[in-house]
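Topology and contacts: notes
Spelled out from the first residue to the last, the chains are:
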Amino acid sequence: MTTVRVVVGGAVFDRGRLLAARRSAPPELAGRWELPGGKLEPGESARQALVRELREELGVEVEPLARIDGEWPLKPPYVLHVWTARLLAGEVRPLQDHDELRWLTPDRVDEVDWLEADRPAVAAAARLLSAGVTDSDTPSVPQETVRDH
Ligand SMILES: Nc1nc2c([nH]c(=O)n2[C@H]2C[C@H](O)[C@@H](COP(=O)(O)OP(=O)(O)OP(=O)(O)O)O2)c(=O)[nH]1
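Reading guide: rules and limits
- Residues numbered from 1 in each chain as written.
- Predicted model: local features only at pLDDT ≥ 70, side-chain atom pairs only at ≥ 80, totals over all residues.
- UniProt positions renumbered as here; feature names shortened; annotations may be inferred.
- Near = placed C-beta within 6 Å.
- Helix = DSSP H or I, 4+ residues; strand = E, 2+ residues; numbered from the N terminus.
- Nonpolar A, V, L, I, M, F, W, Y, C, P; charged D, E, K, R; others polar.
- Contact = placed C-beta atoms within 7 Å.
- Core = buried A, V, L, I, M, F, W, Y, C linked by C-beta atoms within 7 Å.
- Buried ≥ 20, exposed ≤ 12 C-beta atoms within 10 Å, placed from the backbone.
- Expected span 1.5 Å × (residues − 1).

Under the annotation held in an unreviewed UniProt entry, the protein chain carries the name 8-oxo-dGTP diphosphatase and is attributed to Streptomyces netropsis. Of the comments in the UniProt record for the protein chain, the one headed Cofactor (unreviewed entry) reads "Mg(2+)". Regarding the protein chain, the relevant UniProt record gives this comment under Sequence similarities (unreviewed entry): "Belongs to the Nudix hydrolase family."

Printed below as a string of structure tokens:
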């Protein structure tokens, strides 16, 4: 039996913009843009993994909010899950795995060359941003779009 392993990506919001990160490695993915994050470690929840990865890779503290509905296949055995997250503290810096970071307003999310797997989640995140549901400190996110687990 093959067990799928989860990679969690963060749709990080700050002041109406979505964070995009350009991978610096491995060679086949370098130059493509992703939602920063990484693999869950044993015993770790998706929220914990996201907080840890974004601290390591970007030097910031985030608060995961809710999962964007869906699961996207990556190189087996990995699948991508995406969570929205709010920037709590710090300024993002490309410390690990990335060589450029960009904050994109929802009308400009298509300006970067996203990894294929990320595109549906990026589109969902842009819709949330456009709808303004990420503006408040106490987010209220439409239940048909995200679920919390
Ligand atoms: N983090 C992340 N990885 C993605 C996304 N889209 C996508 O295809 N991937 C791929 C790239 C990698 O092959 C894999 C995740 O690996 P990673 O290198 O980010 O994970 P990690 O930090 O835990 O890595 P490591 O411990 O193996 O070094 O998933 C995405 O949006 N975010």
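The rest of the description comes next.
The subject of this paragraph is the site of the ligand. Around the ligand there are 18 residues in total, and G9, E34, G37, G38 and K39 lie nearest to it. For the shell around the ligand, the secondary-structure elements that each account for two or more residues are strand 1 (5-14), strand 4 (37-39) and strand 6 (78-89). It is strand 4 that provides the largest number of residues to the shell around the ligand, a total of 3 residues. Across the shell around the ligand, the residue classes break down as 9 nonpolar, 3 polar and 6 charged.

With that settled, the discussion passes to the environment of E61. In this structure, E61 sits in strand 5 (residues 61-73). In the structure, E61 is positioned 26 residues away from L87 in sequence and 6.4 Å away in space, judged by C-alpha atoms. Sequence-distant contacts of E61, defined by excluding residues within four places in its chain, comprise R55, L88, A89 and G90.

Attention now moves to the nonpolar core. With 35 residues, the main nonpolar core has A11, L18, L50, V62, W83 and A125 as its most contacted residues. Only strand 1, strand 2 (17-23), helix 1 (46-58), strand 5, strand 6 and helix 2 (119-130) provide two or more residues apiece to this core. At 6 residues, the largest contribution of residues to this core is made by helix 1.

This brings us to helix 1. Between the first and last C-alpha of helix 1 there are 17 Å, a value that for 13 residues agrees with the 18 Å anticipated at 1.5 Å per step. For helix 1, every residue scored as buried is listed here: A46, A49, L50, V51, E53, L54, E57 and L58. Close packing links the buried residues of helix 1 with strand 1, strand 4, strand 5, strand 6 and strand 7 (98-104). Following helix 1 by one or two positions, G59 has its phi on the positive side, about 70 degrees.

Our next topic: unusual backbone geometry. For the bond running from A25 to P26, omega is -15 degrees, close enough to zero to count as cis. Summarising the element assignment, P26 is placed in the loop between strand 2 and strand 3 (33-34). In this chain, P76 is followed by P77 through a cis amide linkage whose omega measures 5 degrees. By the secondary structure assignment, P77 is in the loop between strand 5 and strand 6. Notably, D97 is not glycine yet its phi reads approximately 75 degrees, a positive angle. Among the structural elements, D97 can be located in the loop between strand 6 and strand 7.

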